[in-house]
Amino acid sequence: MVPGEAPPPGPGSPPAEGEAAAARKQRAWARRKAFSLFVKAKEVPAVGRGAAGGAGVRWRCCRQAFEELAGIHRHVALQHGADIGQQAGLEAEVSPSSGPALAGSADGLDGHSCSSPEISCTLPDTSHVSYDDLTSKVGEVLLYYCYCEVKDPEKLCAWQKALCQHLHLTGKVRVASEGINGTVGGSKVATSLYIEVMLSQPLFKDILCQEDFKSSAGGAHCFPDLRVGVFKEIVPMGIDPKIVSYKETGIHLSPQEFHREVEQYLSQASQGQSDTILLDCRNFYESKIGHFQGCLAPDIRKFSYFPSYVDENLELFKDKRVLMYCTGGIRCERGSAYLRSKAVCREVYQLKGGIHKYLEEFPDGFYRGKLFVFDDRYAICSNEDIISACRYCGTLWDQYKLCSSQHCRQLVLTCPSCRNKGLTACCPVCQEKELKVTSRASGQTLKEECECTWRRPRVPIEHISQRTLDVGKD
């Protein structure tokens, strides 16, 4: 051996750099080809498109329809990584590469692999943006979620907090091993940069896209502060994600498809012939001020009660087609999966993008009233309908305020006239307690459930006959 030269590779030595690079290219080539073949196999033949498949449907997979290439790519990358990896192993055996693939390797396609991609902690450059533009009160509120495997939730949480602070965003972001769920507010410059960075995050590549961000007029002032944390679930249903997974969700319907389904449902239901249930899986105070005509709106206070509601009303869903909807789509992901796990429904569908996306296309459609939002605005509107009433006098009113009693966190609908009379609490009990609490010298704030809560059944039993009679009366 010549002095200064590296020793020749022995039997146990790693492959040379050139060989390793070739192997990586070979694996990447195999996965790309396997991915393309998998997507190709899900195409809907041109002759099969139309009334049954939908004019715009080009791919079908896992009982879902996809109109855009980005949509089917996200779905395959998210839910069929193992299938792609297995197929790629077969492709590698006949690849045009000069060398064999390394055993046991499974590099991801464009950043995707069977394991979670690394998290990029990059922050956007804001040097070209003025402070006034970045902190302008005229802005918007973003609502989004992304289900994906997160290997290091704590790292993602820390990056999210730094990113939001960097862009002067407020709001709430939930991070878990199953993904991320956020609603943030800020200037339009800030929210645009936020979306741009989120879409470039390797963890969300080919899963999250521009249309997944729902926006409405608002800004940083819509939230009291910024809260970013790690949780077991990105939406609190109270069921371990390993037991009921987002991967077992119902069939997604675009706003146009959902609109057609609701139209057909209302037409059949008015004649007493419907085999469909239009299910609102939000909380009672949300559906009270706005909902789809003819819907079944469970009288539950928290989404974590939804599984119990389903369990207590299984007979209601037996052999039914269920059309499910929520605010932005995230509760339907887990809710539809739970309903499907009971194996009682004929089919379970859900509104993709939720009411937010539906109202963008059908502001005067079948959804009437306001859309409840979880920030200081409480509601946003797309039409002039008011479907709820003042808690005290019964006049039409749909603007929520917090109960004036310090111990209570209930929302109350009380019109200006009644508020001027001092009727600002959610119930007589709270009205009385308010006087006692505010007279305390200590100023201690208590929090307890008032009669509005404990008198309400946690899991109401629904009667489908009464629901059918009420269809179309909204």
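One can find the structure itself at the top, above this paragraph.
Residues numbered from 1 in each chain as written. Predicted model: local features only at pLDDT ≥ 70, side-chain atom pairs only at ≥ 80, totals over all residues. Heavy atoms only, no water.

**Description of the overall build of the chain**
Link 1 in the chain: Within the chain one finds 16 helices and 17 strands.
Link 2 in the chain: Residues classed as buried in the chain amount to 49% of the 474 residues present.
Link 3 in the chain: Long-range pairs, those at least 24 residues apart, make up 71% of the contacts in the chain between residues at least 6 apart in sequence.
Link 4 in the chain: Carbon and sulfur atoms provide 52% of the accessible area of the chain, an area that totals close to 23,300 Å². (Helix = DSSP H or I, 4+ residues; strand = E, 2+ residues; numbered from the N terminus. Buried < 20%, exposed > 50% of the residue type's maximum accessible area, 1.4 Å probe, protein only. Contact = heavy atoms within 4.5 Å. Areas by Shrake-Rupley, 256 points an atom, 1.4 Å probe, with all protein chains shown as cover.)

**Topic: the nonpolar core**
Here is a general trend for soluble globular proteins: nonpolar side chains tend to be buried in one another's company.
Link 1 in the chain: Grouped together as the largest cluster of nonpolar side chains are 33 residues, with contacts concentrated most on Leu-279, Phe-306, Phe-317 and Leu-339.
Link 2 in the chain: Of all the secondary-structure elements, those providing two or more residues to this core are β3 (139–147), β9 (276–280), α9 (306–312), α10 (314–317), β11 (321–325) and α11 (330–341).
Link 3 in the chain: For this core, the element with the highest residue contribution is α11, accounting for five residues.
Link 4 in the chain: Viewed by domain, this core spans two of them, domain 1 (136–230) and domain 2 (251–388), each represented by three or more residues.
Link 5 in the chain: Among all residues touching Leu-339, those that are not within four sequence positions of it are Leu-279, Val-310, Phe-317, Val-322, Met-324, Cys-345 and Val-348. (Core = buried A, V, L, I, M, F, W, Y, C linked by side-chain atoms within 4.5 Å. Domains from an automatic or database assignment.)

**Details of the packing of aromatic side chains**
Link 1 in the chain: In this structure the tally under the stated criterion is 16 aromatic pairs.
Link 2 in the chain: Between Phe-303 and Phe-306 the ring centres are 5.7 Å apart and the planes differ by 25 degrees, which places this aromatic pair in the stacked class. A single burial state applies to Phe-303 and to Phe-306, both of which are buried.
Link 3 in the chain: A connected cluster of aromatic rings, assembled from ring pairs, spans Phe-258, Phe-292, Tyr-325, Tyr-358, Phe-362 and Tyr-367. (Phe/Tyr/Trp six-rings, centres within 6.5 Å; stacked < 30°, edge-to-face > 60°.)

**What about the sheet that holds strand β4 (residues 170–176)?**
Link 1 in the chain: Across the sheet, which stays open at both edges, the five strands sit in the order β6-β3-β5-β4-β7 with mixed pairing between neighbours. The strands lining the two open edges of the sheet, one partner per strand, are β6 (214–218) and β7 (226–230). When strand polarity is set aside, the average angle formed by the axes of neighbouring strands in this sheet is 10 degrees.
Link 2 in the chain: Judged from the five bridges that link them, β4 and β7 form a sheet pairing that is parallel. For Val-173, the partnering residue across the bridge sits in β7 and is Val-228.
Link 3 in the chain: Strands β3, β4, β5 (179–187) and β7 of the sheet are contacted by helix α5 (residues 153–166), whose axis makes an angle of about 170 degrees with β7. (Pairing = 2+ DSSP bridges. Axes fitted to C-alpha atoms, helices over the stretch in contact; angles between N-to-C directions.)

**What about the packing of α5 against helix α6 (residues 188–200)?**
Link 1 in the chain: Relative to each other, α5 and α6 sit at 155 degrees, their axes nearing to 11 Å. Taken together, the axis directions place α5 and α6 in an arrangement best described as roughly antiparallel. Handedness of the α5/α6 crossing: right-handed. Facing Trp-159, Gln-160, Leu-163 and Cys-164 of α5, the residues of α6 in contact are Tyr-194, Val-197 and Met-198.
Link 2 in the chain: In terms of residue class, the contact of α5 with α6 is built from six nonpolar, one polar and no charged. (Parallel < 35°, antiparallel > 145°, perpendicular 65-115°, else oblique. Left-handed = near helix turned anticlockwise from the far one by under 90°. Nonpolar A, V, L, I, M, F, W, Y, C, P; charged D, E, K, R; others polar.)

**Describing the sheet that holds β9**
Each strand in a sheet pairs with its neighbour through backbone hydrogen bonds, running either in the same direction (parallel) or in the opposite one (antiparallel).
Link 1 in the chain: Pairing is parallel in the open sheet, where four strands are placed in the order β8-β12-β11-β9. With one partner strand each, in any of the chains shown, β8 (251–253) and β9 form the two edges of the open sheet. Each neighbouring strand pair of the sheet contributes to a mean axis angle of 25 degrees, computed without reference to strand direction.
Link 2 in the chain: Bridging between β9 and β11 involves five bridges; their strand directions are parallel. Looking across to β11, one finds that Thr-276 is bridged to Arg-321.
Link 3 in the chain: Each of β8, β9, β11 and β12 (347–351) touches helix α7 (residues 255–269); the most contacted strand, β11, lies at about 130 degrees to it.

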